[in-house]
Amino acid sequence: RIFERGVADESARFQAAGTIRSELDAADGFIHLSDRTSAPVVAGLFFSTAKDLRLIELASSKLAPLSWVVGKMGDAAPTPAEGELAIHYLIPEGCVHVFGAGGVPTSAIVREEAVPLGADGKHVFPDWL
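Think of each chain on its own: its residues are numbered from 1, step by step along the sequence as written. This being a predicted model, a pLDDT of at least 70 is required before a residue's local features are given, and a value of 80 or more before pairs of side-chain atoms are given or counted; all residues contribute to the totals for chains, interfaces and linings. Hydrogens and water molecules were not included; the side-chain quantities draw on all heavy atoms of the structure.

Points about the environment of Glu113
Counting from the N terminus, the helices are the DSSP runs of H or I reaching at least four residues and the strands are the DSSP runs of E reaching at least two. Within the secondary structure layout, Glu113 lies in strand β9 (residues 109-114). In this scheme, a residue with accessible area under 20% of its type's maximum is buried, one over 50% is exposed, and one in between is partly exposed, where area comes from a 1.4 Å probe on protein chains only. Residue class for Glu113 comes out partly exposed when judged on its relative accessible area of 32%. Taking C-alpha positions, Glu113 is 5.6 Å from Arg54, a pair spaced 59 residues apart along the chain. Whether two residues are in contact is decided by their heavy atoms: any pair within 4.5 Å suffices. The residues contacting Glu113, other than those within four sequence positions of it, are Leu53, Arg54, Leu55, Pro126 and Trp128. One polar contact links Glu113 to Trp128, side chain to side chain, over a distance of 2.7 Å. Here a polar contact is taken to be a pair of N or O atoms separated by no more than 3.5 Å, where protein atoms must pair a possible hydrogen donor with a possible acceptor and residues adjacent in sequence count only if both atoms sit in side chains.

Encoded structure:
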């Protein structure tokens, strides 16, 4: 499984558009996702004060046609064929970058859950992560 994080209104925009694609994604030319190990890291780095953070779980099996490229930071980005998606899985960071087709369809969403801030100021992720 792969994961997106976003605040509540961003999640609502994804649903309304039918596509997961943030402003950062549009600017960078790919969709920023995470594996299960990097989702909390990204939340701490980029959403540290977000009280309405959401964790969105996606099934890569619902993304077709799709190719996976495993690499590391600094590798050249994959170039998917017309109409296809390519996932560049960067190890050991756990970054999952999706290239092609303008975004990830919301039909790939398996579940979504609130990730509240705990008393210690860190996000409390669901047990299923």
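Things to note about helix α1 (residues 8-17)
Among the residues making up α1, those that are buried are Glu10, Ser11 and Phe14. End-on, the buried residues of α1 take up no more than an arc of 100°, which puts them together on one face. Tucked into the core, α1 has its buried residues touching β1 (2-7), β2 (19-20), β4 (53-58) and β9. Once α1 finishes, Gly18 follows within two positions and takes phi at roughly 75°, a positive value. Read the arc as the range of directions from the helix axis to the C-beta atoms.

With respect to helix α3 (residues 39-46)
When we look at burial in α3, the residues that qualify are Ala39, Val42 and Ala43. Seen from one end, α3 has its buried residues packed into an arc of 105°, which puts them on one side. Turning to α3, the residues buried within the fold contact β1, β3 (31-34) and β4.

Notes on the pairing of β3
Both faces of β3 are covered, namely the face carrying Ile31 and Leu33 and the face carrying His32 and Ser34. Only when DSSP finds a minimum of two bridges between them are two strands counted as paired. Examined bridge by bridge, β3 and strand β7 (residues 95-99) share four bridges and lie antiparallel to one another. Paired with His32 across the two strands is His97, which belongs to β7.

Side note on the environment of Tyr89
Note that Tyr89 resides in strand β6 (residues 85-90). Remark: the alpha-carbon pair of Tyr89 and Ser61, spanning 28 residues in sequence, is separated by 15 Å. Residues contacting Tyr89, with those up to four places away along its chain left out, are Asp35, Trp68, Val69, Val70, Gly71, Gly94, Cys95 and Val96. Here Asp35 takes part through its side chain, which lies 2.6 Å from a polar atom of the side chain of Tyr89.

Details of the side chain of Glu10
Mapped onto the secondary structure, Glu10 falls in helix α1. Positive charges are assigned to Lys and Arg, negative charges to Asp and Glu, while His and the chain termini are left out of the count. The term salt bridge refers to a pairing of a side-chain nitrogen on Lys or Arg with a carboxyl oxygen on Asp or Glu at a separation within 4 Å. It turns out Glu10 is buried and unbridged, and the closest side chain with the opposite charge, Arg13, is 4.4 Å from it.

Re the pattern of salt bridges
Taken as a whole and judged by the stated rule, the model has six salt bridges. The salt bridge involving Glu4 is made with Arg5; its shortest N-O contact spans 3.6 Å. The pair formed by Glu4 and Arg5 is uniform in burial state, with each residue classed as buried. For the salt bridge of Arg111 with Glu57, the shortest nitrogen-to-oxygen distance reads 2.4 Å. With Arg111 in strand β9 and Glu57 in strand β4, this residue pair connects regions lying 54 residues apart in the sequence. You can call Glu57 buried: its relative accessible area is 3%. Overlapping salt bridges bring together Arg1, Glu57 and Arg111 as one network.

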